[in-house]
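Listed below, chain by chain, are the residues.
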Amino acid sequence: MSIITRFAPSPTGFLHIGGARTALFNWLFARHMGGKFLLRIEDTDRERSTREAVDAIFSGLKWLGLNWDGEAVFQFARAPKHREVVDELLKSGNAYYCYCSQEELAAMRDQAKAAGLAPKYNGYWRDRDPKLAPVDIKPVVRLKAPAVGKTVLNDLVQGTVITDNNQLDDMILLRSDGTPTYMLSVVVDDHDMGVTHVIRGDDHLTNTFRQIQIYQAMSWQTPEFGHIPLIHGPDGAKMSKRHGALGVDAYKAMGMLPQAMCNYLLRLGWAHGDDEIIPTEQAVQWFNIEGIGKSPARFDMNKLLSLNAHYLRQTANDQLADEISEFLPKDVSEKLKEAGYRQRAVSGMDGLKQRAKTLLELAEGAKFYLLDAPLPMDSELKSLLNKAESQEILGKLIKLLESFGEWNESSLHSMVKEFSEGLEVGLGHVAKLVRAALTGSNISPSIFEIMQVFGKQETLSRLRTKY
RNA sequence: GUCCCCAUCGUCUAGCGGUUAGGACGUCGCCCUUUCAAGGCGGCAACACGGGUUCGAUUCCCGUUGGGGACGCCA
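Rules and cut-offs
Residues numbered from 1 in each chain as written. Chains lettered and ligands numbered in written order. Predicted model: local features only at pLDDT ≥ 70, side-chain atom pairs only at ≥ 80, totals over all residues. Heavy atoms only, no water. Phe/Tyr/Trp six-rings, centres within 6.5 Å; stacked < 30°, edge-to-face > 60°. Helix = DSSP H or I, 4+ residues; strand = E, 2+ residues; numbered from the N terminus. Buried < 20%, exposed > 50% of the residue type's maximum accessible area, 1.4 Å probe, protein only. Lys NZ or Arg CZ within 6 Å of the ring centre and 35° of its normal. Near = heavy atom within 4 Å. Polar contact = N/O pair within 3.5 Å; in protein donor to acceptor, adjacent residues only side chain to side chain. Nonpolar A, V, L, I, M, F, W, Y, C, P; charged D, E, K, R; others polar. Axes fitted to C-alpha atoms, helices over the stretch in contact; angles between N-to-C directions. Parallel < 35°, antiparallel > 145°, perpendicular 65-115°, else oblique. Left-handed = near helix turned anticlockwise from the far one by under 90°. Contact = heavy atoms within 4.5 Å. Pairing = 2+ DSSP bridges.

### Description of the packing of aromatic side chains
Here comes step 1: Tallying each qualifying case throughout the model produces 10 aromatic pairs.
Here comes step 2: Measuring from ring centre to ring centre gives 5.4 Å for F58 and W68, while their planes differ by 25 degrees; the resulting arrangement is stacked. With F58 in helix α2 (residues 51-64) and W68 in the loop between α2 and β3 (73-74), this pair connects stretches of sequence that are 10 residues apart. Comparing F58 with W68, the two get one shared label, buried.
Here comes step 3: One aromatic cluster is present, built from ring pairs that chain together F25, W270 and F287.
Here comes step 4: Directly above the ring of F76 sits R46, whose terminal nitrogen or CZ lies 3.8 Å from the centroid.

### Examining the protein's contact with RNA strand B
Here comes step 1: The immediate surroundings of RNA strand B are formed by 61 residues, with R175, T206, K294, Q354 and R355 found nearest.
Here comes step 2: Taking G269, its main chain carries an N or O atom lying 2.5 Å from a phosphate oxygen of RNA strand B.
Here comes step 3: At 2.6 Å, a side-chain N or O of S446 approaches a base oxygen of RNA strand B.
Here comes step 4: For the surface near RNA strand B, the secondary structure elements donating two or more residues are α4 (102-114), α6 (205-218), β12 (297-298), α10 (301-314), α18 (427-439) and α19 (447-464).
Here comes step 5: Each residue belonging to the surface near RNA strand B can be placed in one class, and the counts come to 18 nonpolar, 23 polar and 20 charged.

### Notes on the packing of helix α16 (residues 388-402) against helix α17 (residues 409-423)
Here comes step 1: Interaxial distance between α16 and α17 falls to 11 Å at its minimum, and their mutual angle equals 140 degrees. With respect to each other, α16 and α17 are oriented oblique. Crossing of α16 over α17 shows right-handed handedness. Of the residues in α17, those touching α16 at I393, K396, L397, L400 and L401 are L412, M415, V416, F419 and L423.
Here comes step 2: By residue class, the composition of the contact of α16 with α17 is 9 nonpolar, no polar and 1 charged.

### Here's the deal with the sheet that holds strand β4 (residues 95-98)
Here comes step 1: Pairing within the open sheet is antiparallel, and its 3 strands lie in the order β4-β5-β8. Strand pairing shows two members of the sheet lacking a second neighbour, β4 and β8 (172-174), which therefore form its edges. Neighbouring strand axes in the sheet, compared pairwise and without regard to direction, differ in orientation by 45 degrees on average.
Here comes step 2: Sheet topology places strand β5 (residues 140-143) next to β8; 2 bridges connect them, and they run antiparallel. Paired with R142 across the two strands is I172, which belongs to β8.

What follows is the structure in structure tokens.
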């Protein structure tokens, strides 16, 4: 039998990092098994669901390369189907109307808590004659869950977990306004969509017992469940906004590469021996649910960054030249469209990409190739260049360069080195001046590589520029 | 409060009864070097604690402690 997984986020905010990992695991498992990966938007909370959030989920998944099979299912649209199931449950005696008010329910919870029990509904209307119902209260429909015995979950990740049914109460299936609850909708949708493996965050673990009760009441076969540990913030607590970790779009904006994100997320809670660099294609081959760890992992930006730097260096130069475009100011990125400037950026990437961890840093580092002299420069560097002594050195160098024929990195290196030794100032000092004139900075790739990329004419023109 | 889950370097992890407890990120030092990186080499750094089981426990069992999660007419 072919397996079917799904990712079922609620569109109430951005696609966060934990959700992305859940999606990744579902996607990897489906692809590994040659099955299907479905997407369902759980938009039954009409108050909080937004179109923007739906778009963020779509674009986030696409960016990560987690393509889903078929059209995304919107849960709210299936409400009529969910209500049909409630009718069936009512008919079969597996559900009943409950007329308790919010106040009464709160009192019950307090009472249970005071008695040392889990705060829950006490089943007041479970076996009561509906004729006794107050006329002014709109009822909810509750599942008539087994009151005794145990519910067993053989979880793919967590192992066998057993809950005493007295821990669970009769959950609400239909709200008083007639809308289905999450608990019911998930079960009905997973069943109708043919989902065979439900892989989700372990914050859903206890919900699963309730959901199993619905499957049982409907005599439906339960899918396999795998509850993966949540990602925690650096302080060990559940990942939240205050950890500064936002939606996947935020990581994109930081200049992260999707391959790096996937690799990082995969290694959070899953390992393949000592392997660290696991490109997605490799992950599809290797992925298995058994390998998922049970302990929560903390989010570590440094490791993500290091992985990102790795994938950045693996990326082809011309592709990087395209990628940095959106990280550049408009006027600078426009230059990228002109063949000459673009060629410089592409040629310069070898030196640039090993100095950047993100596309943002890469773009920053590439600016000097795209800007025209005079370059923006801090005052300290300016005054260094303006010193008579500096000008004298540069003047002599320019003369030599003008008649220098072998315009390539290594020849330029030897030549300038010899030149410096002749002047008895040291290559370091000369390099600093050249670097300033060529890049406007005192940090850059090799100046000889830069000279080669610029070519003789542009190099000399920059060296002659006065600040 | 009740229930559930977790526990190896600072972090992510390998380990599935006998290992000098391995790798990666970070960190420190050295090499390379025109700056900054990258790269190479090396150092520091962990089995939470207490009981069992066993010839032998990081590994299996129980407890303690610590962390996390769930207990909505949210999803």
